[in-house]
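# Inside the fold
The residues making up each chain are set out below.
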Amino acid sequence: MSKSDYKNLTLLGHQVGIPVSPEKAKLEKVPKPFSKFDYLVRFTCAEFTSFCPITRQPDFAHIVIDYVPGKYLVESKSLKLFLESFRNYGAFNEACTVMIGDRLIKSLAPKWIRVCGYWYPRGGIPIDVFFERGKVPKGITVPDTGVASYRGRG
C-alpha cells in the first residue's frame, strides 16, 4: 500500500468532532491489504450508547462487528466516530444494530458481515440483536463473540 491509498482520508490525522447523527457521520475506507486472502476483521465497542426515541432514557450496549472484507477495510477512526454519533441519537436497539450493519455494507461491500448488539437491561429485560448478511467464505473461522448472555446477579 502506498500513500496514494490514503489520500482520500479526511478524518485520520485530523482533529474532528463527533458527528451530530449517524446519518451525518462519514465512514471512510482504505484498500484491503493482502487482497488475495480472505480474513476476518473484528471491532468491539463495549461502551456503545444511544437513547430511546420515546422515553429519551439512555441505552447501553456491547457491540461486536465481524466482517470479511471485499476490496476495502473500514478506517477505524471513522468507525469510532460513527459509533459515537449514536450517543445523542434516538432509536430503538434493533434499529441501531441494523443501521450499523447497513451503513458498513453500503460503504464497504464486505463479503460477509455480522453485527451483534448486546443491549443492557432497561425495565429488567436485556435485548440482543444479531444482524448478518452474506456467506462466510470457505476457510474463515468466525470466533465466538465472547459476550456472555445477560444473567443479572445470577
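Because the structure is predicted, anything quoted here is derived from the model rather than measured. (Residues numbered from 1 in each chain as written. Predicted model: local features only at pLDDT ≥ 70, side-chain atom pairs only at ≥ 80, totals over all residues. Heavy atoms only, no water.)

### Some details on the nonpolar core
As a rule of thumb, nonpolar side chains are buried together in soluble globular proteins. Residues F48, I63, I100 and L104 are the most contacted members of the largest nonpolar core, which totals 28 residues. Within the residue set of this core, elements represented by two or more residues are β2 (41-51), β3 (58-68), β4 (72-74), α1 (76-84), α2 (93-108), β5 (112-122) and β6 (125-134). (Core = buried A, V, L, I, M, F, W, Y, C linked by side-chain atoms within 4.5 Å. Buried < 20%, exposed > 50% of the residue type's maximum accessible area, 1.4 Å probe, protein only. Helix = DSSP H or I, 4+ residues; strand = E, 2+ residues; numbered from the N terminus.)

### Re the pairing of β6
In this structure, β5 lies alongside β6, joined through 9 bridges in antiparallel fashion. Opposite R114, over in β6, you have E132 as the bridge partner. In textbook terms, the turn of a hairpin is the stretch between consecutive antiparallel strands, and for β5 and β6 this stretch comprises 2 residues, one of which, G123, has a positive phi near 75°. (Pairing = 2+ DSSP bridges.)

### Some points on the pattern of salt bridges
According to the stated counting rule, one finds 7 salt bridges in the structure shown. As a salt-bridge pair, R114 and D66 come within 2.6 Å of each other at their nearest N and O atoms. Of this pair, R114 sits in strand β5 while D66 sits in strand β3, and the two are 48 residues apart along the sequence. Here R114 falls in the buried class, since its relative accessible area comes to 16%. With a closest N to O distance of 3.0 Å, K106 and D102 form a salt bridge. Highlighted residues: K106 and D102, both in helix α2, separated by 4 residues, approximately one helical turn. According to the relative accessible area criterion, D102 is partly exposed, its value standing at 32%. When salt bridges that share partners are traced, they join K32, D38 and K111 into one network. (Salt bridge = Lys/Arg side-chain N within 4 Å of Asp/Glu carboxyl O.)

### Structural notes on the sheet that holds β6
Pairing in this open sheet of 4 strands is antiparallel, and the strands run β2-β3-β5-β6 from one edge to the other. Edge positions in the sheet fall to β2 and β6, since each has one partner strand and no second. Between one strand axis and the next, the sheet turns by 15° as a mean value, whatever way the strands run. (Axes fitted to C-alpha atoms, helices over the stretch in contact; angles between N-to-C directions.)

None of this, on its own, says anything about what the molecule does.
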